[in-house]
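Coordinates in review
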Amino acid sequence: MKLPETPPPPRRGFFASFRSNFLTGLIVIAPIGITIWLLWTLAGWIDGWVLPLIPTRYNPAHLINLYTGFEVDIRGIGVVTFLIFTVVVGWLAKGLIGRSLIRWAESLVLSIPVIRSLYSGLKQIAETVLQQGQQNFDKACLIEYPRKGIWAIAFISTKARGEVQAKTADDVVAVFMPTTPNPTSGFLLFVPQKDVMVLNMPVEDAAKLIISAGLVYPNAEDPTKPPKALPDAAE
């Protein structure tokens, strides 16, 4: 018995093909364009903040115009100047004279009542961020939020310690539940350890899932595999 031939697929129209190609190109171009625009804007913002602090005679654009006669607007020169200045200050601060100058300047700032509180708070925030900059979330997890039966993706921070753990009956862990599409905002939740299900997907894939509002789903190696137990993953 001869099987009927499979009919050829219908040809796509011009506008359908044009729309498909446009969307594909947009997916490729949009991330690159947005990244370049953000870097360009950030460089311009830093330039506008740093360059006015540089004396005119030492401004690179002025020096180029002085020796070549060309009017140029170098985007990013303020960024380079800021980096060089920061490296020099850090190098000087490591020396004996630099440490002495820093202690003297801090004592001068701390003697001013209002400035003292502002400086102490900003210094504490900066030190905390820089010292903990290498501590990232290691695991993504699922928690039931805002009620039982509704699951949300969160990131395991650490096990609860001190008064937080002492006031709770169960062993709890600190998890950060980001919001969509801005993952930099969210909620710090202390969840019982037994109610946290660790995911096999990397933190990066979980972040993509959150930012895309569920549109970009990671390809897990084995999605049917049950989540790992929290003690094996968090410790």
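Details of the structure are given in the entry above.
Let me sum up the structure you'll find in this document. (Residues numbered from 1 in each chain as written. Predicted model: local features only at pLDDT ≥ 70, side-chain atom pairs only at ≥ 80, totals over all residues. Heavy atoms only, no water.)

Observations regarding the nonpolar core
- Listed in full, the twelve residues of the largest apolar core are Cys141, Ile143, Ala152, Ala154, Ile156, Val173, Val175, Met177, Leu189, Val191, Val196 and Val198.
- At the level of elements, β1 (139–144), β2 (151–159), β3 (172–178) and β4 (186–192) are the ones that each hand at least two residues to this core.
- If we skip the residues at most four places from it in the chain, Leu189 touches Ile143, Tyr145, Val173, Ala174, Val175 and Met177.
- Among the nonpolar cores identified, the runner-up in size contains ten residues, and Ile153, Phe155, Leu199 and Ile210 belong to it. (Core = buried A, V, L, I, M, F, W, Y, C linked by side-chain atoms within 4.5 Å. Buried < 20%, exposed > 50% of the residue type's maximum accessible area, 1.4 Å probe, protein only. Helix = DSSP H or I, 4+ residues; strand = E, 2+ residues; numbered from the N terminus. Contact = heavy atoms within 4.5 Å.)

Observations concerning the packing of aromatic side chains
- With the rule as written, the count across this model stands at two aromatic pairs.
- On the numbers, 6.3 Å between centres and 35° between planes, the contact of Tyr145 with Phe187 is tilted. Linking Tyr145 in the loop between β1 and β2 with Phe187 in strand β4, this pair joins segments that are 42 residues apart in sequence.
- Take Tyr145: its relative accessible area is 31%, and that puts it in the partly exposed class. (Phe/Tyr/Trp six-rings, centres within 6.5 Å; stacked < 30°, edge-to-face > 60°.)

Regarding the pattern of salt bridges
- Counted according to the given criterion, the structure contains two salt bridges.
- For the salt bridge of Asp170 with Lys194, the shortest nitrogen-to-oxygen distance reads 3.1 Å. Within this pair, whereas Asp170 is found in the loop between α6 (162–166) and β3, its partner Lys194 is found in the loop between β4 and β5 (197–198), the two being separated by 24 residues in sequence.
- The class for Asp170 is partly exposed, based on a relative accessible area of 36%.
- Classification of Lys194 as exposed rests on a relative accessible area of 62%. (Salt bridge = Lys/Arg side-chain N within 4 Å of Asp/Glu carboxyl O.)

Considerations on helix α7 (residues 203–211)
- Those residues of α7 not exposed but buried are Val203, Ala206, Leu209 and Ile210. Projection of α7 onto a plane perpendicular to its axis shows the buried side chains occupying an angular sector of 120°, all on one side.
- Where α7 is buried, its residues meet β1, β2 and β3. (Arc of directions from axis to C-beta.)

Considerations on the pairing of β3
- Counting buried positions over the seven residues of β3 gives seven, a clear majority of the element.
- Neither face of β3 is exposed, since Val172, Ala174, Phe176 and Pro178 on one face and Val173, Val175 and Met177 on the opposite face are all buried.
- Examined bridge by bridge, β3 and β4 share seven bridges and lie antiparallel to one another. If you follow Ala174 over to β4, its bridge partner there is Phe190. (Pairing = 2+ DSSP bridges.)

Observations regarding the sheet that holds β5
- Spatial ordering of the open sheet is given by β4-β3-β2-β1-β5, a layout of five strands whose pairing is antiparallel. With one partner strand each, in any of the chains shown, β4 and β5 form the two edges of the open sheet.
- The sheet strands contacting α7 are β1, β2 and β3, and the helix crosses β2 at an angle near 140°. (Axes fitted to C-alpha atoms, helices over the stretch in contact; angles between N-to-C directions.)

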